Amino acid sequence: MDNRPFSDKVLKPSKDSLKKVLGKGNDLYDELNNLTLRFKKDWNFSKSSGWMQKVHDGKKALYYFIPLNDSFLISLTLREQEKIDFLSDDDLSELHNRIKSSKKYSEGYALRFLINDIASFSKFIILIKKLIEKRK
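K.L.:
I'd love a proper account of the pattern of salt bridges, names of residues and values included.
P.N.:
By the definition in use, this model includes 7 salt bridges. Between R135 and E82 there is a salt bridge; the shortest N-O distance is 2.8 Å. With R135 in the segment after α5 (118-134) and E82 in helix α3 (residues 80-87), this pair connects stretches of sequence that are 53 residues apart. Just as R135 is buried, E82 falls in that class too. Linking K130 and D91 is a salt bridge whose minimum nitrogen-to-oxygen distance equals 3.1 Å. One end of the pair, K130, is in helix α5; the other, D91, is in the loop between α3 and α4 (96-100), and 39 residues separate them in sequence. Members of the salt-bridge network, linked through shared partners, are R79, E82 and R135.

What follows is the structure, given as structure tokens:
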């Protein structure tokens, strides 16, 4: 079975279909969604990723959410100063190697997180909370 359940351009994710696909990951998605209530959320279709949700402030993306079966992928970029600050943040020490080795693009330093359990989510959620605080 394809791990990208929303690969049909015609079938945009609905709340119910998303809940069914995310399965055990739905509670984690809900927590993330509640944390980012003040951000706009738009669904966009990409041939390579299928349907993905852009979470943004009206201009720049905070992250992209890609639903998978029983999990989800988060893709985001850090700006230069955010990368520097996060590398000296002890709360993010578990992510320092990932942040250090992130590839630089015009939008920033790219990071991807596969969220499939509470352990993967707990590492990511600390980063996203700090990122939201920086971008206020």
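Once the structure has been displayed, the description carries forward.
K.L.:
A description of the side chain of E82 should follow, citing residues and the corresponding values.
P.N.:
Taking relative accessible area as the criterion, E82 reaches 5% and is therefore assigned buried. A polar contact of 2.8 Å, which involves the side chain of E82, links it to the backbone nitrogen of R79. Not counting residues within four places of it along the chain, the set of residues in contact with E82 comprises T77, L131, K134 and R135.

K.L.:
Which residues make up helix α2 (residues 26-35), and what are the values?
P.N.:
Residues of α2 that are buried: N26, L28, Y29, L32 and N33. In an axial view of α2, the angular spread of the buried residues amounts to 155°, which keeps them on one side of the axis. Along α2, exposed side chains directed more than 90 degrees from the buried face belong to D27 and N34.

K.L.:
Go over the packing of α2 against α5, please, and point to the residues and values.
P.N.:
Contact pair α2 / α5: the axes reach a minimum separation of 11 Å and the direction vectors enclose 5°. In terms of orientation, α2 lies roughly parallel with respect to α5. Touching L28, E31, L32 and L35 of α2 are I118, F121, F124, I125, I128, K129 and I132, all from α5. Here the residues of the contact of α2 with α5 are counted per class, giving 9 nonpolar, no polar and 2 charged.

K.L.:
Residues and numbers for the sheet that holds strand β5 (residues 103-105), please.
P.N.:
Ordered in space as β1-β2-β3-β4-β6-β5, the 6 strands form an open sheet in which the pairing is antiparallel. For this open sheet the edge positions go to β1 (40-46) and β5, each flanked by a neighbour on one side alone. Taking the axes of each pair of neighbouring strands and ignoring which way they run, one obtains an average angle of 30° across the sheet. Relative to the sheet, α2 contacts β1, β2 (50-56), β3 (61-68), β4 (71-78) and β6 (108-115), its axis offset from that of β4 by approximately 35°. Against the sheet, α3 touches β4, β5 and β6, its axis set at about 110° to β4.

K.L.:
Which residues make up the pairing of β4, and what values go with them?
P.N.:
Among the 8 residues in β4, 6 count as buried, and that is most of the element. Across 5 bridges, the pairing between β3 and β4 is antiparallel. Looking across to β4, one finds that F65 is bridged to I74. Taking the residues that link successive antiparallel strands as the turn, the β3-β4 hairpin has 2 residues, and the phi of D70 there is positive, at about 60°.

Reading guide: rules and limits
- Residues numbered from 1 in each chain as written.
- Predicted model: local features only at pLDDT ≥ 70, side-chain atom pairs only at ≥ 80, totals over all residues.
- Heavy atoms only, no water.
- Salt bridge = Lys/Arg side-chain N within 4 Å of Asp/Glu carboxyl O.
- Helix = DSSP H or I, 4+ residues; strand = E, 2+ residues; numbered from the N terminus.
- Buried < 20%, exposed > 50% of the residue type's maximum accessible area, 1.4 Å probe, protein only.
- Polar contact = N/O pair within 3.5 Å; in protein donor to acceptor, adjacent residues only side chain to side chain.
- Contact = heavy atoms within 4.5 Å.
- Arc of directions from axis to C-beta.
- Axes fitted to C-alpha atoms, helices over the stretch in contact; angles between N-to-C directions.
- Parallel < 35°, antiparallel > 145°, perpendicular 65-115°, else oblique.
- Nonpolar A, V, L, I, M, F, W, Y, C, P; charged D, E, K, R; others polar.
- Pairing = 2+ DSSP bridges.

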